[in-house]
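# Inside the fold
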Amino acid sequence: MIAKIPLVLEPQPEGGYTVTSPLLPELITEGDTMVEALANVEDAFCAVVEIYEDRDRPLPSSLYVKDENGPLSVETIVSVP
């Protein structure tokens, strides 16, 4: 499955970032850097999928990419020196 998940990266006062999703309130992860925080999203999403399956709840339909072989539109964060 390919999913398109909106994410919010919030800088923490002690350093690092917390990542949440307005579409999936159960998705919460963190990392010391943006790259690490975003890398942890895949594991967090897998845990959310398990939660939904255990509760017999469908994931929001807007998460699913309709054509996995078609073009995908994504946003990313880039650090510029």
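In this report, we go over the structure that sits alongside the text. Bear in mind the structure is a predicted one, so any value in this text is a computation, not a measurement. (Residues numbered from 1 in each chain as written. Predicted model: local features only at pLDDT ≥ 70, side-chain atom pairs only at ≥ 80, totals over all residues. Heavy atoms only, no water.)

Moving on: the overall build of the protein. Looking only at helices and strands, the protein has two helices and three strands in total. Along the chain direction, N to C, the helices and strands of the protein fall in the order β-β-β-α-α. Each principal axis of the C-alpha distribution contributes one length, and for the protein these read about 40 × 30 × 15 Å. Sorting the 81 residues of the protein into buried and exposed places 25% on the buried side. Accessible surface computed for the protein: about 6,100 Å², of which carbon and sulfur atoms make up 53%. (Helix = DSSP H or I, 4+ residues; strand = E, 2+ residues; numbered from the N terminus. Buried < 20%, exposed > 50% of the residue type's maximum accessible area, 1.4 Å probe, protein only. Areas by Shrake-Rupley, 256 points an atom, 1.4 Å probe, with all protein chains shown as cover.)

Of all hydrophobic cores here, the largest spans 10 residues; its members are Ile5, Leu24, Leu27, Ala44, Phe45, Val48, Val49, Tyr52, Leu59 and Leu63. With near-sequence residues (within four places) excluded, Leu63 lies in contact with Ile2, Ala3, Lys4, Ile5, Leu23, Leu24 and Phe45. (Core = buried A, V, L, I, M, F, W, Y, C linked by side-chain atoms within 4.5 Å. Contact = heavy atoms within 4.5 Å.)

Before going further, it helps to examine the side chain of Thr18. Residue position: Thr18 is located in strand E2 (residues 17–20). Reaching out from Thr18, the side chain makes a polar contact with the side chain of Gln12 at a distance of 3.2 Å. Those residues in contact with Thr18 that lie beyond four places of it in its chain are Val8, Leu9, Glu10, Gln12, Ile28, Thr29 and Glu30. (Polar contact = N/O pair within 3.5 Å; in protein donor to acceptor, adjacent residues only side chain to side chain.)

Where charged atoms from two side chains of opposite charge approach closely, those side chains can pair. By the definition in use, this model includes one salt bridge. A salt bridge links Glu26 to Arg57; the shortest N-O distance between them is 3.6 Å. Remark: Arg57 occurs in the segment after helix H2 (41–54) and Glu26 occurs in the loop between E2 and strand E3 (28–31); sequence separation between them is 31 residues. Under the relative-accessibility criterion, Glu26 is labelled partly exposed at 26%. (Salt bridge = Lys/Arg side-chain N within 4 Å of Asp/Glu carboxyl O.)

Interpretation in functional terms is not warranted from these geometric data alone.
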